Amino acid sequence: MSQIVYRQVIQASDSASVRALAESTGFFRTDEIDVAVELVDERLRDGDKSTYRFLFAEIDGAVAGYTCFGEIPCTIGSYDLYWIVVDQTRQGAGIGRKLMMQTESVIAALGGRRIYVETSSTPRYLPTRTFYDRCDYTHAAELPDFYAPGDGKVIYVKANLNTATD
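What counts, and where the lines are drawn
- Residues numbered from 1 in each chain as written.
- Predicted model: local features only at pLDDT ≥ 70, side-chain atom pairs only at ≥ 80, totals over all residues.
- Heavy atoms only, no water.
- Phe/Tyr/Trp six-rings, centres within 6.5 Å; stacked < 30°, edge-to-face > 60°.
- Buried < 20%, exposed > 50% of the residue type's maximum accessible area, 1.4 Å probe, protein only.
- Lys NZ or Arg CZ within 6 Å of the ring centre and 35° of its normal.
- Disulfide = S-S within 2.5 Å.
- Salt bridge = Lys/Arg side-chain N within 4 Å of Asp/Glu carboxyl O.
- Helix = DSSP H or I, 4+ residues; strand = E, 2+ residues; numbered from the N terminus.
- Patch = residues over 30% accessible without salt bridge, like charges linked within 9 Å, V, L, I, M, F, W, Y side chains within 5 Å.
- Areas by Shrake-Rupley, 256 points an atom, 1.4 Å probe, with all protein chains shown as cover.

K.L.:
Run through the packing of aromatic side chains, naming residues and quoting values.
P.N.:
How two aromatic rings sit relative to each other is given by the distance of their centres and the angle of their planes. Summed over the entire model, instances satisfying the criterion amount to 10 aromatic pairs. For the pair F146 and Y147, a centre-to-centre distance of 5.0 Å together with 90° between the ring planes defines the contact as edge-to-face. Residue classification places Y147 among the partly exposed residues on the basis of a relative accessible area of 38%. A connected cluster of aromatic rings, assembled from ring pairs, spans F131, Y132, Y137 and Y156. The aromatic ring of F56 is capped on one face by R7, whose charged end is 4.5 Å from the ring centroid. Above the ring of F27, the side-chain terminus of R124 is found at 4.8 Å from the ring centroid.

Below is the structure:
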């Protein structure tokens, strides 16, 4: 595999890249994908005034994955990881883990001390929850029936971020 190049500067082409990545996974509904693209568009429109930050992982000039994150309002150093998506054809190659570690380093450099992640409790999202477990996130809470009947929200947290990168 070629080397991963990370970038935080958003580009106009990222709206289409984020849509294509999210669609490639087969996990997200159309309305969820639309929200992911809206966050990119907000950052493009508002620049640093936007609370949404991005980290893109590129391989051979193509976006292979990305994260979207931001500081949680009214907290000191707590961040939400809103999205982490890796192109379906590249999943299982360690890109997600490397992207997560790089995102943690960026957040730590911004003064972040905790990262919160939420996901679905349904069986379909077991691989996602396993991924967070393997990245040393702690299962902090579960809110039953949050997204829909039978679909709870699982909240993970990682505290005491280290700044080591891969």
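Now, onward.
K.L.:
Provide a residue-level description of the state of the cysteines, including the pertinent values.
P.N.:
In protein chemistry, a disulfide is the covalent bond that joins the sulfur atoms of two cysteines. Tallied over the full model, the rule gives zero disulfides. Considering cysteine sulfurs only, C135 is the nearest to C68, which forms no disulfide, with 17 Å between them. On the basis of relative accessibility, which here comes to 0%, the residue C68 falls in the buried class. Counting only cysteine sulfurs, C68 is the nearest neighbor of C74, a cysteine outside any disulfide, at a range of 19 Å.

K.L.:
Give a detailed account of the pattern of salt bridges, specifying residues and quantitative values.
P.N.:
For the structure on display, the rule yields nine salt bridges. A salt bridge links R19 to D34; the nearest nitrogen and oxygen atoms lie 3.1 Å apart. Of this pair, R19 sits in helix α1 (residues 14-25) while D34 sits in helix α2 (residues 30-46), and the two are 15 residues apart along the sequence. Two residues, R29 and E32, come together in a salt bridge whose shortest N-O distance is 3.8 Å.

K.L.:
Outline a nonpolar patch on the surface, listing residues and values.
P.N.:
Judged by side-chain polarity, L143, F146 and Y147 come together as a nonpolar surface patch covering roughly 270 Å² of accessible area. Classification of F146 by relative accessible area gives partly exposed; the value is 44%.

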